[in-house]
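# Architecture at a glance
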Amino acid sequence: MWRGLWTLVARAARGPRRPCTRQGSGAPGPGFGATIFALSSGQGRCGIAVIRTSGPASGKALRSLTAPRDLPPARSACLRLLSDPRSGEPLDRALVLWFPGPQSFTGEDCAEFHVHGGPAVVSGVLQALGRVPGLRPAEAGEFTRRAFAHGKLSLTEVEGLADLIHAETEAQRRQALRQLDGELGQLCRGWAETLTKALAHVEAYIDFGEDDNLEEGVLEQADSQVRELEVALGAHLQDARRGQRLRSGAHVVVAGPPNAGKSSLVNLLSRKPVSIVSPEPGTTRDVLEIPVDLAGFPALLSDTAGLREGMGPVEQEGVRRARKSCNFLDMVVSPAGAQTPSGNRQRLLLVLNKSDLLPPGGPDRSPDLPPHLLLSCLTRKGLDGLLEALRKELAAVCGDPSTGPPLLTRARHQHHLQGCLDALGHYKQAKDVSLAAEALRVARGHLAHLTSGGGTEEILDIIFRDFCVGK
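What you see is a predicted model, and the numbers here were worked out from it, not measured in a lab.

Cut-offs and rules
- Residues numbered from 1 in each chain as written.
- Predicted model: local features only at pLDDT ≥ 70, side-chain atom pairs only at ≥ 80, totals over all residues.
- Heavy atoms only, no water.
- Buried < 20%, exposed > 50% of the residue type's maximum accessible area, 1.4 Å probe, protein only.
- Helix = DSSP H or I, 4+ residues; strand = E, 2+ residues; numbered from the N terminus.
- Arc of directions from axis to C-beta.
- Contact = heavy atoms within 4.5 Å.
- Axes fitted to C-alpha atoms, helices over the stretch in contact; angles between N-to-C directions.
- Parallel < 35°, antiparallel > 145°, perpendicular 65-115°, else oblique.
- Left-handed = near helix turned anticlockwise from the far one by under 90°.
- Phe/Tyr/Trp six-rings, centres within 6.5 Å; stacked < 30°, edge-to-face > 60°.
- Lys NZ or Arg CZ within 6 Å of the ring centre and 35° of its normal.
- Pairing = 2+ DSSP bridges.
- pLDDT = per-residue confidence, 0-100.
- Salt bridge = Lys/Arg side-chain N within 4 Å of Asp/Glu carboxyl O.

### So, helix H6 (residues 170-180)
Of all the positions in H6, only Ala171, Gln172, Gln175, Ala176, Arg178 and Gln179 are classed as buried. The buried residues of H6 occupy an angular sector of 160° when projected down its axis, which confines them to one face. Where H6 is buried, its residues touch helix H5 (155-166), helix H7 (183-208), helix H9 (242-248), strand S9 (297-303) and helix H13 (411-429). Positive phi appears at glycine 182, one or two residues downstream of H6, with a value of about 95°.

### A few points about the packing of H5 against H6
Remark: H5 packs on H6, axes separated minimally by 7 Å, with the N-to-C direction vectors making an angle of 155°. Regarding the angle of H5 to H6, the classification is roughly antiparallel. In this structure, H5 meets H6 at a crossing whose hand is left-handed. In contact with Thr156, Glu157, Glu159, Gly160, Leu161, Asp163 and Leu164 of H5, H6 contributes Arg173, Ala176, Leu177, Gln179 and Leu180.

### Considering helix H10 (residues 262-270)
Counted residue by residue, H10 has eight buried out of nine residues, so it is predominantly covered. For H10, the set of buried residues is Lys262, Ser263, Leu265, Val266, Asn267, Leu268, Leu269 and Ser270. Taken from the residues just after H10, arginine 271 is the one with a positive phi, measuring 65°.

### Side note on the environment of serine 355
With respect to the secondary-structure elements, serine 355 resides in the loop between strand S11 (347-352) and strand S12 (373-374). Separated by 22 residues in the primary sequence, serine 355 and cysteine 377 place their C-alpha atoms 8.5 Å from one another. When near neighbours in sequence (up to four residues on either side) are disregarded, serine 355 contacts Leu374, Leu375 and Ser376.

### Regarding the packing of aromatic side chains
One pass over the structure, following the stated rule, counts zero aromatic pairs. Between arginine 52 and the ring centre of phenylalanine 143, over which it is positioned, the NZ or CZ distance is 4.9 Å.

### Description of the pairing of S9
Judged by how many residues are buried, S9 sits mostly within the fold: six of seven residues are covered. Pairing analysis gives five bridges linking strand S7 (residues 250-254) to S9, with the strands arranged parallel. Paired with valine 253 across the two strands is serine 302, which belongs to S9. By the bridge criterion, seven bridges tie strand S8 (residues 288-294) to S9 in an arrangement that is antiparallel. Within the sheet, the bridge partner assigned to glutamate 289 lies in S9 and is serine 302.

### Details of the sheet that holds strand S3 (residues 78-83)
Spatially, six strands are ordered S3-S4-S5-S2-S1-S6 in an open sheet, and the strand pairing comes out mixed. Either end of the sheet is taken by a strand with one partner, and the two such strands are S3 and strand S6 (135-137). Neighbour-to-neighbour, the strand axes of this sheet turn through a mean angle of 30°, independent of strand direction. By the bridge criterion, four bridges tie strand S1 (residues 35-39) to strand S2 (residues 46-54) in an arrangement that is antiparallel. If you follow alanine 38 over to S2, its bridge partner there is arginine 52. Docked against the sheet, helix H2 (residues 58-66) engages S1, S2, S3, strand S4 (90-99), strand S5 (110-117) and S6, running at close to 75° with respect to S3. Lying on the sheet, helix H4 (residues 142-149) is in contact with S1, S2 and S6; it crosses S1 at an angle near 135°.

### Quick word on the confidence of the model for the protein
Keep in mind that low pLDDT regions are not for reading the predicted coordinates in detail. The predicted model of the protein averages 81 in pLDDT, with 77% of residues at 70 or higher. Considering only residues more than four positions removed or in separate chains, one finds that residues 1-30, a stretch of pLDDT under 50, has 42 contacts. A low-confidence stretch, residues 337-344 (pLDDT under 50), is modelled with 15 contacts involving residues beyond four sequence positions or located in other chains.

### With respect to the pattern of salt bridges
Oppositely charged side chains can pair when the atoms bearing their charge come close. Inspection of every chain in the model, using the stated rule, returns 15 salt bridges. Arginine 146 is the partner of glutamate 108 in a salt bridge, and the nearest nitrogen-oxygen pair spans 3.0 Å. Here arginine 146 lies in helix H4 and glutamate 108 lies in the loop between S4 and S5, a separation of 38 residues in the sequence. By the burial criterion, glutamate 108 is buried, and arginine 146 matches it. In this structure, glutamate 159 engages arginine 412 in a salt bridge whose closest nitrogen and oxygen atoms are separated by 2.9 Å. A residue pair is termed long-range when its members are at least 10 positions apart, and glutamate 159 in helix H5 and arginine 412 in helix H13 qualify at 253 residues.

In structure tokens:
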């Protein structure tokens, strides 16, 4: 219903279709002169729905729906009767807010309508806004793109906002909030400032090298700054892609012999019956994957076939896939066995399930028994200890988003920091001072691309398309 309604409103506001033209990045494009509107609070029935506008006609739209009242005081909520600007029919009694630019989220004049969240109310207000001259429905991510174009958010902060909207675990929320607060951008700007100082010293030597007034050791200062920056970049690039794992989720495989309780453990960790549980060996014959929240960290949990010599071709294929999945994982949870089935050195948690069947003294204290956890999927005894062990292991794999320097959350970040580090290597190898200066310019350009996009339209399109309409 909502999708169909939005299509009708969009067609009514836009009129005849026109060829799509791409806007340049880094500055407001031709389409940024229009005023946009959208439902920002998500679709579906709710107590309060938020509809927002952005652009030069926002004040006109607010006056049209609240006539004959004047604009409310800036950034103050006022109760107003909303009416259709054409028919005068009352639509809702709502709170309205006025954010004159540039002191707004997008940097433009903005208005917000906090209406009751019933479908009829929301559709009525959206259709009324579509009838106001100069207004059109927003595209996905257009509000945030305008904030970026007007310098309200850097590109890394935009990425942090997108991650915050999509965050499903506490760890993801913490990491996204730090990036939205600008920590990664501030770190990159500090590195860029170091490069700017080093470049200034090198260019001063080029321009005034024969001048007696130029202080000694100018090139040595630049070399020292480059060495310090190399160390900082190298340390940041050696994070084993923890930020990306935290953003997309670590891969955790549950592997072991048949009837060890693998499917029961997957159901217990995912809090729903995703796997079939049966006393018959070989029930699971394929790799079943489900995204879960494990102790606050995102993970892709895989249930696998019991590792044994298969009784038939189907089960043999399941065992083969189980072994193969262990080659592309971050951690194994095994209800039996002391090493990963593939013989690799991934992180391993050995879990002895069915502890409710053990005698009161527990298992035999054999010196050959490796470190392990006792668990009963039936009684849930030992679950808290397992979750704490998983939290520690996943914190090592994904990093702790609450402490330490900000993590790199995208391959784009890795690419530009590696490019900057490579350019610094060219600086050290340069035989000519002019070539050394050019290497510093290239290094600084990579940092600029990381925080501002560098005018690459395709990169910006990929980033902003992750947003929903209204954000």
